[in-house]
Amino acid sequence: MEVREPVQQMTTDRQIIEEEVVKAKTEELEHKPNIDILKHTSEQNWQKEIAQFIKSKEIKQRSGEGVDELEDCDSFGEINFIGFGHGSKSAPYIRVDKNTNAEILWDLLINYWHMPRPKVLISVTGGAQDFFFKDRLKNLFNKGLYKAAVSTGGWIVTGGTGVGVMKKVGEAIKEESKGTTNDSHRHVVALGIATWGIISNNTVMEKSSKNGDLHEGFWPAEYVEKELKLSGKQTSLDSNHTHFILVDHGKVDYGADIGLRANLEQFINTKQTKEGKEKSAIPVVLVVVQGGVGTIETVYKSLIPPQDNSSGDSKVESIPVVIVEGSGKAADAIAEALRKTKQVDSTGIRDILEGMDIIRDVVDPKRINQTKFQECLGWFEQMMSSPYREMITVFRMQEENFKDIDRAILHGLLQAKSLTDKIDKQLNLALNWNRCDIAREEIITAERRTKWQEASLEGNMMTALIDNRPDFVELFLQHVIHLDKFLTIERLNSLYQKVIYSKQSIDGRTSTIDILRTRLESYQLKGITRGDECRFLLRRVGKVIQELTFHEYDRYYKEEKFVLKEQDKQDTESVPMTTSTNCKEDEFECPDQHLFLWAVLLNRREMAKIFWQRLTIGNIGSALFAGRILKALSRHAEIEEELTLYYDLTNHADEFEDLAIGVMDNCYEDDKKMSKLALVRKLTDWGGTTCFSIAYAAEQMKFIEHDCCQTKLQRVWKGNVQIHSYKQWIAYVFAAIFPFIIPFMTFLTKDYQVEYQEEENKESKKVETYKELSRWDKLKNVLRWKSNYKPGKGSEIRRVGGRPDDVTLWEGMGYYYKAPMSKFFFNIFLYVVLLFLFSWFILTDLRPASEENSPSVVEWIVIAWVATLIIEEFRQIHSKDPKSAFYRVLSWASDAWNIFDFLMFLFFIISIILRFTLSTEKFYRARIFYCVTLMLFYFRLLHMGFVQKDIGPKIIMIFKMLKDLMYFLVILIIFILSFGIASEAILYPNMEPDIRVFFKSIYKPYWQLYGELFLEEIEGLTDNATCYEDPRYVERCPETEQYPWVAPVLTAIYMLISNILLINLLIAMFSFTFQKVQEKSETIWRFYRYELINEYYDRPALAPPLIIFNHMYRFCKWSYMKYELKSELNKEKQEQKKADVIKKHETKMSHCLRVRLDDRLEDYLNGFEKKHMENYFIKKNQEYAKSWESTVTSSGDRIDKMSNDMEEMRELIGVSGKQETTQVKPPTGEQRQSIHSTTPNDEMATQIGQLTTKVSQMENKMDEMVNQNGQLTTKVAQIENKMDKILEMLEKSLSLKTESEC
């Protein structure tokens, strides 16, 4: 007996038993009887629960065929389908009387069969006999019905038999579930409600055994396909359904299930989708496929339930209906009746219906009595009248409005009375089905503006955010949601909690939930219990963001207000599904920023892009910041070997970098000065950093390569000195030696200063009034002020002179000596002097300290000089962006050159210690350390080469190749040790125990790489004198008498592997690294050039050793400003005034690479970026519309449309052919009387021939379009190749032009 796995948890006893079953599976073969007992016990518990429920509720069934007497239900259990094409499959069933209470059945389905509570009920009705289903309509029906059930978690209810529309539904579930790997998608609930009397071989399911007074049921009832007798009205159950209710009315005839099914559906329509605070009625929709008179009655009772006519019970509502036109018979009749009575008054509907042949074909008066025929016409008449006709939706394949049947079903559900005036409920349905097009076209419309503006849709917005529905979020933000009022601290906390701690991942393999969950758990706050973690969730999120950005920014959510109170903690569980009436407005100054961060952390691309486009705090910096977070997350994914997530995060980060570049392009085309200012302004909303700093920290090389970045860096590099010609270069170089040349040079004033003027009539407005405005009002105010903006004259050329606009001599000298380029050259010059002095005393005067005049004066100068370099390194650590000292050190150590400096200075300090402590006999050790230190000092000169365009990439190649060499050495050492020790043990067995034997073992194989083969020693050709005179032999001769051939063979194999295989591998690795760096050498050089320029811009004007005076001055200045800031902050008590003091202090500290703007100019710059962000997307859309991808897509759509038309024509031809075949039969007497009015066979053949010709013509057109698409693709490829060649030529010409200028 196969064990049935329940959908939900059973009792506690059953859980324990199932856990024991899992453990028992690992036991050996002799323990198998124990497993069977446990399985049997778990099944018995569940079976007894069902049997006891049936007895307690007194569920009845008919006692026999043709008998009206009732008896206790004894036909229930599980049907085991055997021989139906899919192995063995089980489904619960029960046999009930047609008058059984629907509430009892609902209790059985939910609490005992453990079916998941449905969100939607899709009732499918139609023909009970097999019928022809057009292929295209069948495919649309299968996909649409399955998609509707899966996307909503709904039930599909049918007649449950293996014929007609019920069979079509079963086949749809079977076929569509094969194509999915998601378990939740594979288990669609399909409830079959069938008539007991028509089920073939139903005797295998009745009269269960008794245990006392309790029927035990059938577990299972074997339902074998070969034992079925399908004759007359007898039919089988459909094996693809998951549950069965078999309705007994004591007859072998159809129809017993109609009343009970209608009652059950009406009852379910009154139930709620889930328990709790947020209740929502389960919507029900009836889907009609083909059908006959019984189907028409079902549609009528769904639209006009009996309670509406009699008791007027308001709880029983009409059920909307979806008609699948083209399926035939009743469905086509209803669709045709709707079309013909559309513009007809209610008094004329009856006449039109009586004249419709299609209704007479379905409701044939010759087959049924006239009373029944008139009753059917009455049903049609009531259905065609208002308001019931509005609840009928017709799915036509030809219509553009309903391309998919699931959209037609959703449209039908929206017509339900329970949802007509409830916008939030309708949006919940659209969200569950992920059909934003329906929401946009039918719910959030201009005609219903009053309704959706009055509705509270915050719950729908939360659902859209949590379920990752970017289309809905964009729709809500455009029309119904104001983020200033929507986003509260409780909601933001709930967004993180509901997604990160969700049991099911919505985003699949590209989800960062596991990474975030791990990082959050690493930030457990002290003194916080497990139950209170959600209260401090935002604080921990802020710490994660700070960690991902290497502590370079102020931590988000560190204020006390971001810690939820106890009441808020309890309410946060229901926040996403409820609306808050007491939302605190303006809890966040920029709510878009926090939702943008939320989307970025969760790696939700479309959602992040929506909020990024809405930002008003600098779109360029925001995009770069997002890229940095995503790259940090990608590193965590790479560590965990989540390669799919790693590549997705990397691509996502590249997308944001491309967005930043695109916006920068548009800004740079419009206003170069403001674009450069955007690069260096302090982004107050992103921790006070700059675009340059973010891009460098995230290694966003393409952004730093941008023309705007490079021109700004070049401007910073030259400082305020104007150098555009060879004469100016010559004057600049000689001015370092002859300072009197400086007065003859030209200078530029600071280019980051921007002057602006306000309107005269608004000069009296206070700055405080401007600060009190909201962010949007500020932006509007600034945009009005834009016409009065003008850049200052700070970029004009100035000379040293006595005129008011001229530069003074001291200012000119300051501009010259403070320029980073000047600092760089002075540092190189003095560093070379240091190397000369260092080399001089090592070569000529390095003696022990015990001797006279030791150390020498030169050595003391070098020691003092290097001390100033060490102090400069400490200053650089202090000036790093991270807030804590620990992360400043880590940030400093992240640069390989700083690690090199640390080793260099460490060796120097060790050399000094040894130099003063070692005696004369051991002084050689100090000399060795001094020499190694000198080598490191010489290597440090390579860093200076980064400034040069040709040398910089070569240095980068060297470092990349050194990494390759490290990996190669690991492999090489393995071969050296293996062959070296083996050959040494053969040549010199049983050597004296000494650690030097290992060094001797690797001595020969290492030098053999360079050609020193030691063949005489290996082959035993050395004599005793040579052995004892040569120190390499350790006073022994090799022993080669017993096996003289082994050592040479090993050497030959080693030489073959090392000199041929491994060396060529190393060459290939170097070649690959060289090619990789060479392809983007300029990009890499420009990227690293930023750090060099930033370092020398931040350095003091004087080079070591004179730099010590700058250090003293800067320390005094820094101490004074800290004291001044502290004293000013102590004077102010209001937080706003303290913030103003900090801003004032930051403005004083502004410099060329980090500018603190005032509020007015910062808001203008935000608006400037936002305007060009919108222009960027407009241009991008226009380019896409003209691109070949758009052309191919539109051509593909046309091909699809033509293919659909062809399929429709083929179906018409097939139907016409069938009609022609039937007309060949001999006519009856009545047909002979009306033979003159029928269509002749030759006319039918002519029509078929015309349709065939049209089909062939359309096929030819499709072939032509396919060929055109192929030719278009070929042309696009040719154009791309030509563009590549043109770009190469342009790059060569630009490089030649740059070289000529240099």
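Heads up: the structure comes first, above all this text.
Residues numbered from 1 in each chain as written. Predicted model: local features only at pLDDT ≥ 70, side-chain atom pairs only at ≥ 80, totals over all residues. Heavy atoms only, no water.

Caption draft 1: Here's a closer look at the overall build of the protein chain. A tally of regular secondary structure across the protein chain gives 54 helices and 16 strands. Residues counted as buried form 47% of the 1302 residues belonging to the protein chain. For the protein chain, the proportion of contacts with a sequence separation of at least 24, taken over those separated by at least 6, is 74%. Roughly 67,200 Å² of accessible area belongs to the protein chain as shown, and the carbon and sulfur atoms make up 54% of that amount. (Helix = DSSP H or I, 4+ residues; strand = E, 2+ residues; numbered from the N terminus. Buried < 20%, exposed > 50% of the residue type's maximum accessible area, 1.4 Å probe, protein only. Contact = heavy atoms within 4.5 Å. Areas by Shrake-Rupley, 256 points an atom, 1.4 Å probe, with all protein chains shown as cover.)

Caption draft 2: Quick peek at the packing of aromatic side chains. Summed over the entire model, instances satisfying the criterion amount to 58 aromatic pairs. Ring centres of Trp860 and Phe916 lie 6.0 Å apart, and the angle between their planes is 40 degrees; on these two criteria the pair is classed as tilted. Taken together, the residues Trp860 in helix H39 (residues 857–878) and Phe916 in helix H41 (residues 896–917) connect sequence positions 56 residues apart. Among the aromatic residues, those joined into a cluster by ring pairs are Phe692, Tyr696, Trp897, Phe900, Phe946, Phe959, Phe1087, Tyr1088 and Tyr1090. A cation over an aromatic ring shows up here: Arg915 above the ring of Phe916, its NZ or CZ 5.5 Å from the ring centre. Its end group placed over the ring of Tyr1096, Arg1099 keeps NZ or CZ at 4.9 Å from the ring centre. (Phe/Tyr/Trp six-rings, centres within 6.5 Å; stacked < 30°, edge-to-face > 60°. Lys NZ or Arg CZ within 6 Å of the ring centre and 35° of its normal.)

Caption draft 3: Quick look at the environment of Arg940. Along the polypeptide, Arg940 turns up in the loop between helix H42 (923–939) and helix H43 (951–987). On the basis of relative accessibility, which here comes to 9%, the residue Arg940 falls in the buried class. Taking the C-alpha atoms as reference, Arg940 lies 8.0 Å from Phe900; in sequence the two are 40 residues apart.

Caption draft 4: Highlighting the environment of Phe132. Its location among the elements puts Phe132 in the loop between strand E5 (121–126) and helix H4 (135–152). In sequence terms Phe132 and Ser327 are 195 residues apart; their C-alpha atoms lie 7.8 Å from each other.

Caption draft 5: Geometry of the packing of H43 against helix H47 (residues 1046–1079). At a minimum axis distance of 9 Å, the contact between H43 and H47 shows a crossing angle of 170 degrees. Between H43 and H47, the angle falls in the class roughly antiparallel. Considering only residue class, the contact of H43 with H47 consists of 27 nonpolar, two polar and two charged. (Axes fitted to C-alpha atoms, helices over the stretch in contact; angles between N-to-C directions. Parallel < 35°, antiparallel > 145°, perpendicular 65-115°, else oblique. Nonpolar A, V, L, I, M, F, W, Y, C, P; charged D, E, K, R; others polar.)

Caption draft 6: Molecular detail of the pairing of strand E13 (residues 321–324). Across the two faces of E13 the burial is the same, with Val321 and Ile323 and Val322 and Val324 all buried. Pairing of strand E12 (residues 284–289) with E13 involves three bridges; the strand directions are parallel. The residue of E13 that forms the bridge with Val287 is Val322. (Pairing = 2+ DSSP bridges.)

Caption draft 7: Quick peek at the nonpolar core. Grouped together as the largest cluster of nonpolar side chains are 203 residues, with contacts concentrated most on Tyr496, Tyr557, Phe596, Trp612, Phe703 and Phe937. Examining the composition of this core, we find that 11 residues originate from one element, helix H29 (residues 643–670), more than from any other. In this structure, Ala51, Cys73, Trp219 and Trp379 belong to the second largest nonpolar core, which totals 70 residues. (Core = buried A, V, L, I, M, F, W, Y, C linked by side-chain atoms within 4.5 Å.)

Caption draft 8: Main features of the pairing of strand E3 (residues 76–82). Burial within E3 is extensive, with six of its seven residues counted as buried. Inspection of the sheet shows E3 paired to strand E10 (residues 218–224) by five bridges, in the parallel sense. Residue pairing for E10: Asn80 is matched across the bridge by Glu222.

Caption draft 9: Representation of unusual backbone geometry in the model. Here the amide bond leading from Trp219 into Pro220 is cis, since omega sits at 5 degrees, within 30 degrees of zero. Mapped onto the elements of the fold, Pro220 is located in strand E10. Here Ser854 and Pro855 are connected by a cis peptide whose omega angle stands at 0 degrees. Mapping Pro855 onto the fold places it in the loop between helix H38 (820–844) and H39. Backbone geometry places Asn853, a non-glycine residue, at a positive phi of 55 degrees. Topologically, Asn853 is positioned in the loop between H38 and H39.

Caption draft 10: A negative patch on the surface, seen in detail. Residues Glu638, Glu640, Glu641 and Glu642 make up a contiguous surface patch of negative charge. Relative to the elements of secondary structure, Glu642 occurs in the loop between helix H28 (619–639) and H29. Residue class for Glu642 comes out partly exposed when judged on its relative accessible area of 41%. (Patch = residues over 30% accessible without salt bridge, like charges linked within 9 Å, V, L, I, M, F, W, Y side chains within 5 Å. Salt bridge = Lys/Arg side-chain N within 4 Å of Asp/Glu carboxyl O. Lys, Arg positive; Asp, Glu negative; His and termini not counted. Charge placed at Lys NZ, Arg CZ, Asp CG, Glu CD.)

Caption draft 11: Broad picture of the pattern of salt bridges. Applying the stated rule across the entire model yields 41 salt bridges. Arg350 is the salt-bridge partner of Glu381, the closest N and O atoms lying 3.2 Å from each other. Placement of Glu381 in helix H13 (residues 370–383) and of Arg350 in helix H11 (residues 349–354) is noted, with a sequence separation of 31 residues between them. The shortest N-O distance in the salt bridge between Glu984 and Lys1004 comes to 2.7 Å. Here the residue Glu984 occupies a position in helix H43, and Lys1004 occupies one in helix H44 (residues 996–1008), the gap between them amounting to 20 residues. Here the two residues Glu984 and Lys1004 agree in accessibility, since each one is buried. Members of the salt-bridge network, linked through shared partners, are Lys147, Asp406, Arg407, Arg435, Asp437 and Glu441.

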